[in-house]
Structure formats: C-alpha cells, structure tokens
Amino acid sequence: MRNSFIYTILGAALLLGTACEKEIDLNLNGNDNKLVIDAVLTDIKGDCVVKLSRTKDFSADNSFVGVSGAKVQIYHNGDTTLLTETATGVYVAPELSGSSGNTYGLLVTLDGERYTATSYMPSKVPMDSLSIVEEDLFGDMTKVANVSFRDPAGETNYYRFQQYIRGTKVKRYYVRNDDLTNGNDINARLYILGEDDDDHEYDINSGDEITVEMLNIDAAVYKYFYSLSSSATGENESATPANPVSNISGNAVGYFSAQTVERKTIKVP
Amino acid sequence: MKSKLLLIAVLLTAGKAIAQQKHTISGTIKSKAKGETLIGATVRVSGGGGTTTNEYGFYSITLTDGKHQLEYSSMGLQTNHLDFFLRKDTVINISLEDESVSLGAVTITGTSTKRSLSTPQMGLEKLTTKEMKNVPVLLGERDAIKVIQLLPGIKSAGDGNAGMYVRGGAADQNLILLDEAPVYNASHLLGFFSTFNSDAIKDIAVYKGGMPAQYGGRLSSVLDIKMNDGNNQDFGVSGGIGLISAKLNVEGPIQKDKSSFLITGRRTYADMFLKLSSDSSINNNTLYFYDINAKLNYELGEKDKLYLSGYFGKDKLGVGDLFGLQWGNTTATLRWNHIFNNKLFSNTSLIYSNYDYTISINSGSVNADIYSKIRDYNLKEELQWYPSSSHNIRFGINSIYHTITPGQVTTSETSQINARTLEDRYSWENALYLTDNWKVSDKLSATYGLRLSSFSILGKGDFFNIDKDGKIVDTLHYQSGDFVKTYLNLEPRLALSYKLNSTSSLKASYVRNTQNLHLISNSTTSSPTDKWVASTNIIKPEISDQYSIGYYKDLFGGDYELTVETYYKSLQNQIDYRDGANVNTVSNAIESELLFGKGRAYGIEWLFKKRVGKFSGWLSYTLSKTERQIDGINNNKWYNARQDRTHDIAIVAMYQVSKKWTLSANWIYYTGDAVTYPSGKYQIDGQTVYYFTGRNTYRMPDYHRLDLGATLQLKKRKRWSSELAFSLYNAYGRENAYTITFEDSKEDPNKTVAKQTALFKFIPSISYNFKF
C-alpha cells in the first residue's frame, strides 16, 4: 500500500521525464562488529539450524562469515540439546524437532558472553492449497503464487511465507497476522514488487517449479520480521529506519524462532 | 489576572482623557478599484500617532480636538491625505486608488510600502501580490506557500513533500488558517502544490514567533490566510491556462459598494498526460485535484456585515483499479462584524473544518476501503476595543469541538478482510484571551497578552495505561459525556519594540504555545494518510517557549530593509517513534508505538530585502539547530531532529525590464536533512539486513536549485489584459535526492549499494493568464 503510493509519485515524476536514479557514495561507518544470531527450530527433524556471524561494514561483501567456537544449546523443560558445528558458524541438531504449544529456549555462549532467547511454537494452520493466479499488476498480467488456508477464529495467528522460484529463494519478507482477517478463508498472494522491468529473475512462467513454505510463528518473531521488513531492508520509507525488534537478550542482533512449517510445490500450468 | 490588566488599561486611558477634550475618528479603508477592505492599512496623524486597520478594514483612533492631517496608506495603493478639524466623533471611510491607475506618471515612492519599525510584532512575514506573482514556481502554478518558504526561518520539507518547517518545528506544528478555519492538510498532489489558490488570496501572514494571543493551538507558526471578499464595484472574470492546470475566477457586486461575491476554481489535468503514455502501467492511472473557493459578503446596515466563505478541495490518485487514494479539505466560515460604537468592534465566527481521506484497495482477493477524518466545529467571539490612541485591546473566546475518526475499514462481502471501525475520538478545546497593543511612548511599544487554553478529552471510548516497553497494562472505559482528562495551560505573550532612531529599531518577544493535535506520519516523507491524533491521558500537550530578539534597519531611505532575528525555543512533550514502530496499527493504542521527550531549537536569521523599484528581491540566510532528547532513542542523548538543517539560503530577484517583460530568478541552498542511514549490514535468512547505530546521525546530500521565470504582458485592450508566464524549474538540472535506498547491487549481488532518486531535473512550463 505504502509502496504503491511511493511508486505513483515516482511514476508521475518519471512520466514528466524528470526522475532519475543513480548510485552514490556515502561515508557509512561504525558497524560495531556485533554478533548476529539467525536461529530456527521447526516441527520437522533436520530443520533446526543456528547461524552465527557478525555485522559487517556497508562496503564489505555479502558473503556469510561464520563465527566458530560457540556453545549453542536449545532447551525445553529441562531437556537440553547441544548443537554441533558442521560448517564455520553453522550449528545444527539433526534429530531435534519441536511441537506446537511448547516454549523453547536458546542459549549461545561465546567468549564468556551469554545470549539467550525463548520462542513459543504456535499451533500449525494447515495450508489448503498452493496455486498460481494471474493478476493485473500496474498494467501487466502477472503470475502470482497464491496460498489458500483457513485462519482459525479462536486464536491470534502469525504467519510467515518463503517462496522459491525455480529453486531460488525469493528475497522478500512475507509476514502477516490475522488482525483484520481473523477466522476467514485467506488467499495470501506472494507479490514480488519493486523489480525493475528488465529484471526477470523472479518472473513466473509456465512450466516453472514453485515452492512455498508456510510458517506459523509467535508474536515476537512476527514483530521481528514486521519491523525488519518495514525498517531495515534499506527502503528508507518507514517512520524510523532502525534495527528490528529482536527477541534475543544480550548484545546481539537477530532472532530465534520456534515455528511450524509446511511445504508445497507445484508446477506452473 | 485578566480583569486586572483590563483595569490597568482603563485607568491609563481614563487618566489621559480628563486632561483634554478628545474625540474618535473611525471607519473602513477599502481599495477603490474593487471595494476590497484593506487589512493592515495605515492611518498616520501629522504630529505623531497612528493606527492600522484590523482584518476587516476597520480602524479607530482617538485624538485631541483640533486640526489634524491624516495620511491613509496601504501597500501597492496610492496614499491619501486628508485635512480635518476634529470636534466630534466622526466616521471617515476611505477608498484608496490603485497605483497602477497612474503608472508611468508617478514614480513609485515607497512611503506606502515602508514597513513599520515601531510595531512590537516580530517574526512576522508578509507577502505582496507582486512577490507572489513573479517568483518562478514549479509548473507555473503560482503558489504563495512556496514563496513563503524562501523567507528565513521557513523551510520547505523538500521536493515531493507537503510540509513546512518553521524555526526547527515539525511539519504539524504550523497553524494554517483560511478565513479562520484550520486547514489540516495544506497540500495538493503530494505537496507539489498548496491548497491555496493565489487568485483568491487577499492577505497572507506568517508568524514565526511572538504570536499575538488571539492565535493558539500550534507550537511553531501561524499561517493566516484571508480570502478576497470579491469586487463590489464591477463584475470581473480572470483565469489562466497552464501546462497542467486551468483556473477561473469570477467576482462581482451583489449590491454596488455594499456586497459582493467571489468564486474561484482550479482543476489540474496531469492525468490527461498519463493517458498519452503507451505504457499500460501508466495510462491507467489517475492523478488530479480540483478546488473551489467561494465567498459572499453582505452589508446588513452601516454597523453590521456578514461574510460567508468556503473552500472545497479534492485530490484523487489511482493506480489502475488496484489502489486508490483520495483526500480533501472542506472549510466554511460564517462571520458577523458588528460595530457597537466607534471604539468597539466585534466579530463572531462560526467555523466548520473537515479533512478526510479514503484508501481503496482492490487486489485479487483483498477488497477494502479505509476511511479517516478529522472534523471541527468552532465558535469564536472577539471584541476589539480602541480606548485611546495608545491602546488597542482584543478580548476573545474560542471553543472547538473535534471529532477524529482514526480508521474505518469497510469491505465487500467476498473480501477476506473483516470490516472494522476504530473508535471515534472526541475532544473539546477552549481558549480565552486578552491582548493589548500599547504605545508606551514614541519610542517604546508593547504587545502583551495572555491566553488560557484548555483541552478536554471526552468519552466515549477506551483509553490505556502502558508500561515503559509500550505494552498495554490497563484499559479504561469511558462513557459518552465523560471527561477523560482536561489539560489547562496558561500562555503568556509579550512583545516589545524600541525605536532606536527613525530608521532602526530593536524588538524582543516571548511566547508560550501549546498543541493538542499531533500528526503521526507513517513514513519519513509526509503523505495524505498521516494521522491526526489528539492528546490523550498518555500523549501530553506539546509546549513551546520561544524567546527572540531582532534588529531592524531601513537603509537608503527605506528602499532596502535589513532584518536580523535570533531565537531560542525550548520544547516539552515532543513525540517520536519507537524503534520499529508500526504506526499503521489498526487495533492497538497508538501510544504504544511512541516515545516522549523534550526538544530545543535555536538559530539566527538574516533578511536583506529590496522592496521597491525596477529591481527587487531579497537575500535570506538562516543558521539553525534543532534537537530532541527522548529516553529510549540514541541512548537518551540529544539527537538531531529530522528537520535540522544547519544552513539555509534563498536568493530571490525580480527585474522589470520594460512595461512588457518581467524577469525573475531564485536560488536556494540548504544542508541536507538529518537522516538515518545504516552503518553496517548482516545476513538473516540469506538476505541482506542493514545495521543501524543511531537515529538521524547522517545527512541527506545538500540541496540546491535555481529557478528562472519571465512574464510577458500582452497588449492591453480596453478592459482586457493578459499575460504569458514562462518558468524553468531547476534550471541547471541538479539531481536533488528525494529518497536514498540501499540494496544489493544488480550487477554484483555480493555487493551493496546506496541509490539516490531525484524527482526533477529541468521542468519548463508556460501558462496564459487573462483578466477582464
């Protein structure tokens, strides 16, 4: 909504032949070298992975530089699982899965510092179907992935989706709650906005394989991704560009989510 | 307190009256050509003393009996001299001729345009029609607000932004009045145009400081705009056709000399250009506005006059059928002037004001309309009393009932969105004020006053208590008619002027302002969907105390003016957002997304102006700082407010080459706004996320721009006159940043880049204006 508004202003200016874009150099500095925790536990075995890295300079490359040698534990009701580091900065527990209704804890110990978080695994809302619909988006008929499900009326639900087109993960955050849609049949459309006209990486064509993961997340993780998508993705249009609201205590950024996951794959007709 | 002040004033005047026989001259000053009453026209008395007309052209002056020479003058009009022997109370109504009537024969003198050095009012900027007419503007659409932003201390929020920052204040801290009615969103087309059609404007005044007590409700400034009354002499039509808009103005007498009407309308047709595009993503779109100003005045008798004025404007913006946004203001003002006697003038106003917007979304399975509004009913009563030639007292009351509809979501039956209505918010704002303009001596004048303001939050509705993390800990239910909370504030106002000699003066002022309506914006740029929120039990009234000192010097016989003003403002209960705030929240208390703290702003403003002659214009420079300190932001340290700009320069020049050609140019430069940029980055879930180390710690690139304009007066026929206006906006094509975004490079996804978008390079325009 907000975006279409901005696009219209820009569209109007473009029409006048006046808007212009260019890369600029800004002197950005002081990344603090903070620990980054990207931690997920799902209801499926093999999905549990905790990635540790550090914040980088703006001018550095985007490669993942893992942080080794941390002690990473996930605990629940006195059961503690120690994760093993399989690659630099990547810690896994292949046999560990969670279940809805439980709260899980994360404890990362590194260089004597402790970083903790808890997350509640919410109930799993089943995906009814995944389909492709065609929609007129800004004058172009565009194929869009559509996830159908029924939102349960009796509780507050938070969702996150991940989309893969021809095996490539789409770099977009799709989060929603049921604030205005509680108890309804939902068709969640995973739009890919903001692409240039000559950019075809995320075009959906007949014969393509599309995979969507539907995640049920808790309120804090929703808040994390909501604030991340509105204020830390580099589109300087939110009220206050800022670090997302993290559920991790300790001097680190990132999140820990105990979430359910359901995957569906279709071939585009 | 008030009654005491009044008593002192009475005693002072009574004491003098005993000494000598005195009588009063009163009346109305108008322009001869159109019969428009003149605001701020000057009456000077030989041997010292004088007064100015009020906002309805009325004046009253009490003098000792005997022979006097009176001089009546007003900007742009011929001065009128009158010899008069005073022996009883007398009504003298004066009509002043247009200067242009005898243009060519008379060189423009300047006496009439000279500013008054002895009025205590400071921080006041006024515009003449000439300035409004000749300064080049975007797409040739004359716009008083854009010209005002070239004056020191008043800053445009930037390309594509509606707001205006005055002396470090935020965009919502300006009280914008159109014939006394508050205008809640003064922009059209996303800020490219203001809601004020220059053709319908009679007078425009901006108070940056030292606001007199009759104004209240906003911290930073008052923009007081008065509409023309309409020509009560002759029927007239004027209009213009430009590249993207057309306008028409019709006015004329209902009863000659006594009553008149005026209707002015504008419509832009930018969307017709959209249709020309072959790109279906553009030609489906809608983008236009229209507005109408109308006014009617009627003389009921010698002592009574009625005015009815109204404004209606609407903007429509649509992206195909997918998304629509429309917004607009409606105002209506009914006023009754009554002259009780030659020393007592009364005005009663009934005012209606409404701002609303509707967002429509119609994408596949999501169909919803979101509607929001703010509506005021407003009653004002003011008495102006002229007890003697050295006092001018105003006393008034003002009562406003506000209704705010924060958001109504309506949906179609098939929509997966549930309909919802957020509770309306009700509040009642009252003020009582007294102010006296006192000429203490030939050198010293003072305006002192007091405003008592109250703001009551009324039920029905739910209010909240929140903890320090913004979580709701308690919900309080109120019924209709309940008073949730009342805030009382006493606002003293004082302005002094000391005339050093005939060409220079010193002025000082102190003013306290309070504000109970706050604008919550969902982005760093302003948008029509920004929300007005009234004070609540948690959102406290914003308070500002401003101190300022100024030096005023007339040079070269008054042809040149130098003004230097400096100010310091301290602000309480300022509002900013929590990190990661969701101000689009449709269910929770908005308070849980906000933080409150204090602010300070200070600066110095220079204005060097040449008013008269073939070459006129000004140079303005502001050096300023504006900061906030709010617990929870930037480690509780002072930080730059978004609108903080260190340097701000404007140069405006107009040159009348011949009777036919007028050329103009302006150049502006300012330090980029304080802004939040990432200091680093990291990867979450395979995507680049930016890392921030503080709010508003970086700067936008500096802004500068040159605009050029030319007006060609076409051949005049008997009653018909017309002109062509040319302009070139951003003449040297500077790419000023509208937004700066950060993204993974398209060429090398392993790198991250900063990208700047500018809205305009050169924009030429031509428009044709006519009058008959």
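These figures come from a predicted structure and were not determined experimentally. Within any chain, residue numbers begin from 1 and follow the written order of that chain's sequence. In the order they appear in the text, chains get letters beginning with A and ligands get numbers beginning with 1. With the structure being a predicted model, the display of local features is reserved for residues of pLDDT at least 70 and the display and counting of side-chain atom pairs for 80 or more, all residues being used for whole-chain, interface and lining totals.

Engineer: What's the story with the overall build of chain A in this structure? I'm lost.
Structural biologist: A tally of helices and strands in chain A yields two helices and 18 strands. Counting other C-beta atoms within 10 Å of each residue's C-beta, where C-beta atoms are placed from the backbone, gives the exposure class: buried for 20 or more, exposed for 12 or fewer, partly exposed between. In chain A, buried positions account for 38% of the 269 residues. We count a stretch as a helix when DSSP gives it H or I for four or more residues in a row; a strand needs E for two or more, and each element gets its number in order from the N terminus.

Engineer: Even after reading the chapter, I still don't get the overall build of chain B, so can you show me in this structure?
Structural biologist: Assigned secondary structure in chain B consists of five helices and 51 strands. Against the globule reference of 28 Å for 772 residues, chain B gives a C-alpha radius of gyration of 27 Å, in line with a compact fold. Taken over the C-alpha atoms alone, chain B extends approximately 90 × 60 × 50 Å along its principal axes. Sorting the 772 residues of chain B into buried and exposed places 48% on the buried side. Within chain B, residue pairs in contact and separated by at least 24 positions form 64% of the contacts whose partners lie at least 6 positions apart. Here the radius of gyration uses the C-alpha set of atoms, whereas the globule reference equals 2.2 Å times the residue count to the power 0.38. For the purpose of contact definition, each residue receives a C-beta atom placed from its backbone, and two residues are in contact when these atoms lie within 7 Å.

Engineer: Hey, could you run me through the domain arrangement of chain A in this one?
Structural biologist: By a frequent convention, interface size equals the accessible area lost on bringing the separate parts together. Residue and element names in this part refer to chain A. Domain start and stop positions are those given by an automatic or database domain assignment. Partitioning chain A into structural domains gives domain 1 (35–120) and domain 2 (127–238 + 260–267). Contacts between the two partners involve seven residues from domain 1 and, on the opposite side, five residues from domain 2. The class makeup of the residues in the side of domain 1 that touches domain 2 is two nonpolar, three polar and two charged. Residue polarity is assigned by list, with Asp, Glu, Lys and Arg as charged and Ala, Val, Leu, Ile, Met, Phe, Trp, Tyr, Cys and Pro as nonpolar; anything else, Gly included, falls into the polar class.

Engineer: Help me understand unusual backbone geometry in this model?
Structural biologist: Outside of glycine, negative phi angles account for most residues, and trans bonds account for most peptide bonds. In this structure, K460 of chain B follows G459 of chain B across a cis peptide bond, with omega equal to 5°. Even without a glycine there, the phi angle at N33 of chain A is positive, about 50°. If you check the backbone angles, R166 of chain A has positive phi at about 50° while not being a glycine.

Engineer: It is not clear to me how helix 2 (residues 219–231) of chain A should be interpreted in this structure. Could you clarify?
Structural biologist: Count 3.6 residues to each turn of an α-helix, and residues three or four apart come out pointing the same way. All names here are of chain A. The first and last C-alpha atoms of helix 2 sit 18 Å apart over 13 residues, in line with the 18 Å expected at 1.5 Å per residue. Burial of helix 2 is extensive: ten of the 13 residues sit out of reach of the surface. Restricting attention to buried positions, one finds in helix 2 the residues V221, Y222, K223, Y224, F225, Y226, S227, L228, S230 and S231. The span one expects for a helix is its residue count, reduced by one, times 1.5 Å.

Engineer: What exactly am I supposed to notice about the confidence of the model for chain A here?
Structural biologist: Residue-level confidence of the predictor is summarised by pLDDT, bounded by 0 at the bottom and 100 at the top. Across chain A, pLDDT averages 87, with 90% of residues at or above 70. Low pLDDT, under 50, characterises residues 1–7 of chain A; the stretch is placed with 14 contacts to residues that sit more than four places away or in other chains.

Engineer: Hey, could you run me through the nonpolar core in this one?
Structural biologist: A144, I148 and L178 of chain B are the most contacted members of the largest nonpolar core, which has 63 residues in total. Summarising the domain contributions, this core has at least three residues from each of domain 2 (124–223) and domain 3 (224–771) of chain B. Excluding anything up to four places from it in sequence, A144 of chain B contacts L127, M132, F196, S198, I201 and I204 of chain B. Counting residues in each nonpolar core, the second largest holds 60 residues, with L35, Y115, L130 and I165 of chain A among its members. In these notes, a nonpolar core means any group of buried Ala, Val, Leu, Ile, Met, Phe, Trp, Tyr and Cys residues linked to one another through C-beta atoms within 7 Å.

Engineer: Please explain the confidence of the model for chain B as it appears in this structure.
Structural biologist: Do not read the fine detail of predicted coordinates wherever pLDDT is low. Residue and element names in this part refer to chain B. Averaged over all residues, the pLDDT of chain B equals 85, while 91% of them reach at least 70. Throughout residues 5–18 the model reports pLDDT below 50, and contacts reaching past four residues in sequence, or to other chains, amount to 13 contacts. Throughout residues 101–112 the model reports pLDDT below 50, and contacts reaching past four residues in sequence, or to other chains, amount to twelve contacts. In the predicted complex, the global pTM is 0.87; the interface-specific ipTM is 0.91.

Engineer: Please explain the sheet that holds strand 44 (residues 680–684) of chain B as it appears in this structure.
Structural biologist: Consider a sheet: its strands pair through backbone hydrogen bonds, and that pairing is either parallel or antiparallel. In this analysis, strands are considered paired if DSSP registers two or more bridges between them. If you trace the three strands from one edge of the open sheet to the other, you get 4(A)-44(B)-45(B), paired in antiparallel fashion. The open sheet has two edge strands with one neighbour each: strand 4 (56–57) of chain A together with strand 45 (687–691) of chain B. Here two bridges tie strand 4 of chain A to strand 44 of chain B, and the two strands are oriented antiparallel to one another. For D57 of chain A, the partnering residue across the bridge sits in strand 44 of chain B and is G680 of chain B.

Engineer: How do you make sense of the pairing of strand 22 (residues 304–319) of chain B when you look at a structure like this?
Structural biologist: On a regular strand, one side chain projects to one face of the sheet and the next to the other, so that they alternate. Residues and elements named next belong to chain B. Bridge analysis of strand 21 (residues 286–301) against strand 22 gives 15 bridges, and the strand direction is antiparallel. Of the residues in strand 22, the one forming a bridge with Y288 is K316. Between strand 21 and strand 22, which follow one another and run antiparallel, lie two residues. As paired elements, strand 22 and strand 23 (residues 323–341) share 14 bridges and run antiparallel to each other. Within strand 23, the residue paired with K316 across the bridge is Q326. The hairpin formed by strand 22 and strand 23 contains three residues between the paired strands, and G320 there has a positive phi angle of roughly 50°.

Engineer: Where do I start with the sheet that holds strand 50 (residues 752–758) of chain B in this structure?
Structural biologist: One open sheet accounts for three strands, arranged 1(A)-50(B)-49(B); its pairing is antiparallel. Pairing within the sheet leaves two strands with one partner each, and these edge strands are strand 1 (20–24) of chain A together with strand 49 (737–744) of chain B. Averaged over neighbouring strand pairs, the angle between their axes works out to 30° when direction is ignored. Examined bridge by bridge, strand 49 of chain B and strand 50 of chain B share seven bridges and lie antiparallel to one another. Lines fitted to C-alpha atoms define the axes, with helix axes restricted to the stretch in contact, and inter-axis angles between N-to-C directions lie between 0 and 180 degrees.

Engineer: What is the right way to read the pairing of strand 36 (residues 542–555) of chain B from this model?
Structural biologist: All names here are of chain B. The sheet contact formed by strand 33 (residues 504–515) and strand 36 spans twelve bridges and is antiparallel. Directly across from A508, in strand 36, lies its bridge partner I549. As judged from the 13 bridges shared by strand 36 and strand 37 (residues 560–577), these two strands associate in the antiparallel manner. Following the sheet pairing, D545 is matched in strand 37 by S570. Counted along the chain from strand 36 to the antiparallel partner strand 37, the turn is four residues long, and its residue F556 has a positive phi close to 50°.

Engineer: Explain the environment of R425 of chain B here, please?
Structural biologist: Residues and elements named next belong to chain B. As for its placement among the helices and strands, R425 is situated in strand 28 (residues 425–439). Taking the C-alpha atoms as reference, R425 lies 7.7 Å from P406; in sequence the two are 19 residues apart. Excluding anything up to four places from it in sequence, R425 contacts I404, P406, G461 and A534.

Engineer: Before we go on, may I ask you to explain the environment of D218 of chain A in this structure?
Structural biologist: Turning to its location among the elements, D218 of chain A is positioned in the loop between strand 17 (209–217) and helix 2. C-alpha of D218 of chain A to C-alpha of T156 of chain A: the two residues are 62 residues apart in sequence and 9.4 Å apart in space.

Engineer: Sorry, what's going on with the environment of G632 of chain B here?
Structural biologist: Residue and element names in this part refer to chain B. Looking at where G632 falls in the secondary structure, it is placed in the loop between strand 39 (615–630) and strand 40 (639–640). Since 16 C-beta atoms lie within 10 Å of it, G632 is described here as partly exposed. Linking G632 and K468, residues 164 residues apart in sequence, is a C-alpha distance of 9.5 Å.

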